[in-house]
Amino acid sequence: MQEQQYFSVSHQLNVNIEVIEQAELPQSHAEFEASIPEPFILANGSQHSLIGLRALKQLGEAGEQLLTYLQNQEQKLNRVLSYVLAQQDSPEHRTISQLFGGSEIHCVWPQALAKGQALRLKIFLPEESSAVFCYGEVKHSEALAHSKEHLLEISYSWIREEDVEALVRASLHVQSQQLKARADARQQAEK
């Protein structure tokens, strides 16, 4: 994967991390694609958008009713997809992110891992009704103060482009929520 830097945001997400051997990493793009569990393909492969369907409003009342119906169906589909993805979350591999973005994720882990350690990752994005399956490698491992845990800085080594886009969208969504919350808090403090 090309080394590209994306904006990262401080936020807690459920992440599954599996420590794997280098030999378990995919050797080709086709091998990587074949290793992705089906729910993760469905999650980001079907990022449906009704933006193009807004033209239905030009059809008058019938078009607006159809658009409303399609939006309701999309919400139902997203709820079902969120449920299916939640089944992929393994408690024995679960940790929490501290920061994430389109090029890296930082997670808390019970022990130090060596730089370059290969990892299999599942990153859950509930606000987006999505999740990402990818491979990564440890860039840095640092002991947390007053804790036996470590903070792992992980870069993605095998990830689909649409999954990078999903992570970027999610990070921007979180950032906008955080900025709105700060603005609301500032406004409340001024009253």
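What counts and what doesn't
- Residues numbered from 1 in each chain as written.
- Predicted model: local features only at pLDDT ≥ 70, side-chain atom pairs only at ≥ 80, totals over all residues.
- Heavy atoms only, no water.
- Helix = DSSP H or I, 4+ residues; strand = E, 2+ residues; numbered from the N terminus.
- Buried < 20%, exposed > 50% of the residue type's maximum accessible area, 1.4 Å probe, protein only.
- Contact = heavy atoms within 4.5 Å.
- Lys, Arg positive; Asp, Glu negative; His and termini not counted.
- Charge placed at Lys NZ, Arg CZ, Asp CG, Glu CD.
- Expected span 1.5 Å × (residues − 1).
- Salt bridge = Lys/Arg side-chain N within 4 Å of Asp/Glu carboxyl O.
- Core = buried A, V, L, I, M, F, W, Y, C linked by side-chain atoms within 4.5 Å.
- Pairing = 2+ DSSP bridges.
- Disulfide = S-S within 2.5 Å.
- 1 Å grid on protein atoms, 1.4 Å probe; cavity = no way out; pocket = protein on both sides within 12 Å on 5 of 7 lines; lining within 4 Å.
- Points joined across faces, edges and corners; volume = space filled by probe spheres on them.
- Nonpolar A, V, L, I, M, F, W, Y, C, P; charged D, E, K, R; others polar.

Q: Help me understand the overall build of the chain, please; the structure alone is not making it clear to me.
A: Helix and strand counts for the chain come out as four helices and seven strands. Along the chain, helices and strands appear, N-terminal first, in the series β-β-α-α-α-β-β-β-β-β-α. Reported as C-alpha extents along the three principal axes, the dimensions of the chain are approximately 60 × 55 × 30 Å. Taking all 191 residues of the chain together, the buried fraction comes to 37%. Long-range contacts, defined here as pairs at least 24 residues apart, represent 72% of the contacts in the chain between residues at least 6 apart. Computing the positive centroid from 16 side-chain charges and the negative centroid from 25, the chain places the two 8 Å apart.

Q: Mind showing me how you'd approach helix α3 (residues 61-86) here?
A: Think of an α-helix as 3.6 residues a turn; residues three or four steps apart then line up on the same face. When the terminal C-alpha atoms of α3 are compared, their 38 Å separation across 26 residues agrees well with the 38 Å that a helix rising 1.5 Å per residue should span. When we look at burial in α3, the residues that qualify are Gly 63, Leu 67, Glu 74, Leu 81 and Leu 85.

Q: Honestly, the pattern of salt bridges in this entry has me stumped. Any pointers?
A: Opposite charge on two side chains permits pairing when their charged atoms draw close. Under the defined criterion, the tally for this structure stands at seven salt bridges. For Asp 89, the salt bridge is made with Arg 94, and the minimal N-O distance between the two is 3.1 Å. Of the residues examined, Asp 89 reaches a relative accessible area of 15% and is grouped as buried. For the salt bridge of Arg 160 with Glu 162, the shortest nitrogen-to-oxygen distance reads 3.3 Å. Sharing partners across several salt bridges, the network here consists of Glu 18, Glu 24 and Arg 120.

Q: In this structure, what is going on with the nonpolar core? I would like to understand it.
A: Burial of nonpolar side chains together is a common tendency in soluble globular proteins. If you look at the biggest cluster of nonpolar residues, it comprises 25 residues, and the most contacted ones within it are Phe 100, Ile 123 and Leu 125. A per-element tally of this core places helix α4 (residues 161-190) first, with five residues. Setting aside residues no more than four positions away along its own chain, Ile 123 makes contact with Leu 13, Asn 14, Val 15, Ile 105, Ala 131, Val 132, Cys 134, Tyr 156 and Leu 167. Leu 25, Phe 32, Ala 118 and Phe 133 belong to the second-largest nonpolar core, a separate cluster that totals 13 residues.

Q: Mind showing me how you'd approach the pairing of strand β2 (residues 14-20) here?
A: Taken residue by residue, a regular strand's side chains alternate between the two faces of the sheet. Inspection of the sheet shows β2 paired to strand β3 (residues 94-101) by three bridges, in the antiparallel sense. Bridge pairing in β3 links Asn 16 to Arg 94.

Q: Mind showing me how you'd approach the state of the cysteines here?
A: A covalent bond bridging the sulfur atoms of two cysteines is what the word disulfide describes. What the rule picks out here adds up to zero disulfides. Distance from the sulfur of Cys 107, which forms no disulfide, to the nearest cysteine sulfur (Cys 134) is 10.0 Å. Classification of Cys 107 by relative accessible area gives buried; the value is 0%.

Q: Explanation requested: empty space enclosed by the protein in the structure shown.
A: Rolled over the atoms, a probe with the dimensions of a water molecule shows which regions are left empty. Counting across every chain of the model gives one cavity of 30 Å³ or more. Of the volumes computed, that of the largest cavity is approximately 40 Å³. Ranked by residues supplied to the lining of the largest cavity, first place goes to α4 with three residues. Among the residues forming the lining of the largest cavity, the class breakdown is five nonpolar, two polar and two charged.

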